[in-house]
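Chains, contacts and geometry: an overview
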Amino acid sequence: MTEANTQQALQDGSAPLPIRQRESVIGAYRTEIAIAVAIVLLALAVGSQVPQALSWGNFANITQAGAPLMIMSLGVLLVVITGGIDLSVGSVFSLTGMVTAQAMAHGFGGVGASLIGLGVGLVFGSINGFLVTIAGLAPFVVTLITFAVAGSLAFIVTNGRSMPIGDPDFWLLNSGSLVPGMPNYILFCLVLLIAIEIFLKKMVAGRWFYAVGSSSAAAFLLGIPVKRTKFLAYVASSLLASFSGLLTISYILNAESTAGSSLMLQAIAAVVIGGASLLGGTGTAVGAALGALMITVIQNGVNLIGINSFWQGSVTGVAILVAVLIDRFSKSRRKAG
């Protein structure tokens, strides 16, 4: 079947089912495929200058370093899809690490301290959700406030000092293997990625997120629980930020009060690079994860090539600009067609 005949068959519905499904999948994940290709090209470009960049050890370093950002980005995505924004995730990340380390210093085991750390995310996510949905405040203002509060508390908890992790087995949370042959940081990323993608694409409650982001008023008229949906998005975002914090302190076995200072912007950047619109209503978990991976690959490449690390922000900013321009151009072409 020629390309022209295939297109005609797809339009009139007479194409064989496998062809229609294949075209449907490619069309639905066009942006994600483009990002994946860009990541490969970036890796090859860096590898041409620094051969060890293409080694298995470096790939393992990239995935382990990027896992917390990927998980945090999945949470931010849920908020962005509903038309909101969460600026507090970096501070929640830092505060979670400090509270968890402090809990261990006061005799709690790894599990108990981790639950206390996740409680930080639950509290701040609930505060964000309440102020946005019940109090009716703007998400930018609300999360800017909690960003400042959580950030200051991260310093107050230990007077700004770094805290070593007291549980000698806590490293297993990140680098252990619940599934033989697969490190936990990869397992957690895959499980969360698949679960959130299925939730958004296949479940009714997941489709509510897109409906709320597209038009809260229309979603309300359709009987969708708009406030509950937004509330859950903010709680999920903060909980995933807290879990990211736990993975990081498990990796480096130390908690820093400024550990998440740059992660908020990186998480939002990953979501935008992944094809989500800050106006709400669009985005996929696959895209957010690939966006986070691209940022990590860029940072890794900058370090390996020997470029001054101060340029990382500029390079990331250019990547965001290119992603937004490509997305805007592709949308304009689809509308024109």
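Residues numbered from 1 in each chain as written. Predicted model: local features only at pLDDT ≥ 70, side-chain atom pairs only at ≥ 80, totals over all residues. Heavy atoms only, no water.

**Description of helix α6 (residues 110-133)**
With 24 residues, α6 should reach 34 Å at 1.5 Å per residue; the first-to-last C-alpha distance of 34 Å fits that figure. The complete set of buried residues in α6 reads Gly110, Ala113, Ser114, Gly117, Val120, Gly121, Phe124, Gly125, Asn128, Gly129, Val132 and Thr133. In this structure, the buried side of α6 is in contact with α5 (89-105), α7 (139-156) and α12 (226-252). (Helix = DSSP H or I, 4+ residues; strand = E, 2+ residues; numbered from the N terminus. Expected span 1.5 Å × (residues − 1). Buried < 20%, exposed > 50% of the residue type's maximum accessible area, 1.4 Å probe, protein only. Contact = heavy atoms within 4.5 Å.)

**With respect to the packing of helix α4 (residues 56-81) against α12**
Two numbers describe how α4 lies on α12: the axes approach to 7 Å, and their chain directions differ by 175°. Classified by the interaxial angle, the pair formed by α4 and α12 is roughly antiparallel. Along its contact with α4, which presents Gln64, Pro68, Ile71, Met72, Leu74, Gly75, Val76, Leu78 and Val79, the element α12 presents Ala233, Tyr234, Ala236, Ser237, Leu240, Ala241, Phe243, Ser244, Leu247, Thr248 and Tyr251. Taken together, the residues of the contact of α4 with α12 sort by class into 15 nonpolar, five polar and no charged. (Axes fitted to C-alpha atoms, helices over the stretch in contact; angles between N-to-C directions. Parallel < 35°, antiparallel > 145°, perpendicular 65-115°, else oblique. Nonpolar A, V, L, I, M, F, W, Y, C, P; charged D, E, K, R; others polar.)

**Here we look at the layout of surface pockets**
The volume enclosed by the second largest pocket comes to roughly 420 Å³. Lining of the second largest pocket is provided by 19 residues; of these, Ala65, Gly66, Leu263, Gln266 and Gln299 occupy positions nearest its centre. Every element with two or more residues in the lining of the second largest pocket is listed here: α4, α12, α13 (263-273) and α14 (285-305). At seven residues, the largest contribution of residues to the lining of the second largest pocket is made by α4. Counted by class, the lining of the second largest pocket contains eight nonpolar, 11 polar and no charged residues. (1 Å grid on protein atoms, 1.4 Å probe; cavity = no way out; pocket = protein on both sides within 12 Å on 5 of 7 lines; lining within 4 Å. Points joined across faces, edges and corners; volume = space filled by probe spheres on them.)

**Considerations on the confidence of the model for the protein chain**
Averaged over every residue, the pLDDT of the protein chain is 87; residues scoring 70 or more account for 88%. Below pLDDT 50 for its whole length, residues 19-23 participates in seven contacts with residues either more than four positions away or in separate chains. (pLDDT = per-residue confidence, 0-100.)

**A few points about helix α9 (residues 184-202)**
If you check α9, its first and last C-alpha atoms are 26 Å apart, about what 19 residues at 1.5 Å a residue would give, namely 27 Å. Within the span of α9, buried status applies to Asn184, Tyr185, Leu187, Phe188, Cys189, Leu193, Ile196, Glu197 and Leu200. Against the buried residues of α9 lie α4, α8 (172-175), α10 (204-214), α12 and α14.

**Points about the side chain of Thr158**
Tracing the chain through its elements places Thr158 in the loop between α7 and β1 (163-164). A distance of 2.8 Å separates a polar atom in the side chain of Thr158 from the backbone oxygen of Arg161. Those residues within four positions of Thr158 in sequence are excluded, and the remaining contacts are Met98, Gln102 and Met163. (Polar contact = N/O pair within 3.5 Å; in protein donor to acceptor, adjacent residues only side chain to side chain.)

**A short note on empty space enclosed by the protein**
Regions of empty space are outlined by a rolling probe, equal in size to a water molecule, passed over the atoms. By the definition in use, this model includes one cavity of 30 Å³ or more. Its volume calculated, the largest cavity comes out at about 40 Å³. Taken together, Phe93, Ser94, Gly97, Gly245, Thr248, Ile249, Ile252, Asn254, Ala255, Glu256 and Ala259 form the lining of the largest cavity. At the level of elements, α5, α12 and β2 (254-255) are the ones that each hand at least two residues to the lining of the largest cavity. Ranked by residues supplied to the lining of the largest cavity, first place goes to α12 with four residues. Here the residues of the lining of the largest cavity sort into five nonpolar, five polar and one charged.

**Here's the deal with the packing of α5 against α6**
Contact geometry for α5 and α6: axes closest at 8 Å, N-to-C directions at 150°. On the basis of their axis angle, the class for α5 and α6 is roughly antiparallel. Both α5 and α6 take part in a crossing whose hand is right-handed. Note on element contacts: α6 touches α5 through Gly110, Ala113, Ser114, Ile116, Gly117, Val120, Gly121 and Phe124, opposite Val92, Leu95, Thr96, Val99, Thr100, Ala103 and Met104. The residue makeup of the contact of α5 with α6, split by class, is nine nonpolar, six polar and no charged. (Left-handed = near helix turned anticlockwise from the far one by under 90°.)

**Thoughts on the environment of Thr282**
Tracing the backbone through its elements, the reader meets Thr282 in the loop between α13 and α14. The spacing of Thr282 and Thr82 is 200 residues in sequence and 8.7 Å in space, taken between C-alpha atoms. A distance of 3.1 Å separates a polar side-chain atom of Thr282 from the backbone nitrogen of Ser277.

**Section: a nonpolar patch on the surface**
A cluster of nonpolar residues, Ile33, Val37, Val40, Leu41, Leu44, Leu54, Trp56 and Phe59, forms a patch on the protein surface that exposes about 800 Å² of accessible area. Mapped by element, the contributors of at least two residues to the nonpolar patch are α3 (30-49) and α4. The element best represented in the nonpolar patch is α3, accounting for five residues. Within the secondary structure, Leu54 is located in the loop between α3 and α4. (Patch = residues over 30% accessible without salt bridge, like charges linked within 9 Å, V, L, I, M, F, W, Y side chains within 5 Å. Areas by Shrake-Rupley, 256 points an atom, 1.4 Å probe, with all protein chains shown as cover. Salt bridge = Lys/Arg side-chain N within 4 Å of Asp/Glu carboxyl O.)

**Focus on unusual backbone geometry**
The backbone phi angle of Asn159 is positive, close to 55°, even though this residue is not glycine. Within the secondary structure, Asn159 sits in the loop between α7 and β1.

**Some details on the packing of aromatic side chains**
For the structure shown, the criterion picks out two aromatic pairs. Each ring, one from Phe188 and one from Phe243, has its centre 5.2 Å from the other, and the planes form 75°; the classification is edge-to-face. Placement of the pair is Phe188 in helix α9 and Phe243 in helix α12, with a sequence separation of 55 residues. The two residues Phe188 and Phe243 agree in class, both being buried. (Phe/Tyr/Trp six-rings, centres within 6.5 Å; stacked < 30°, edge-to-face > 60°.)

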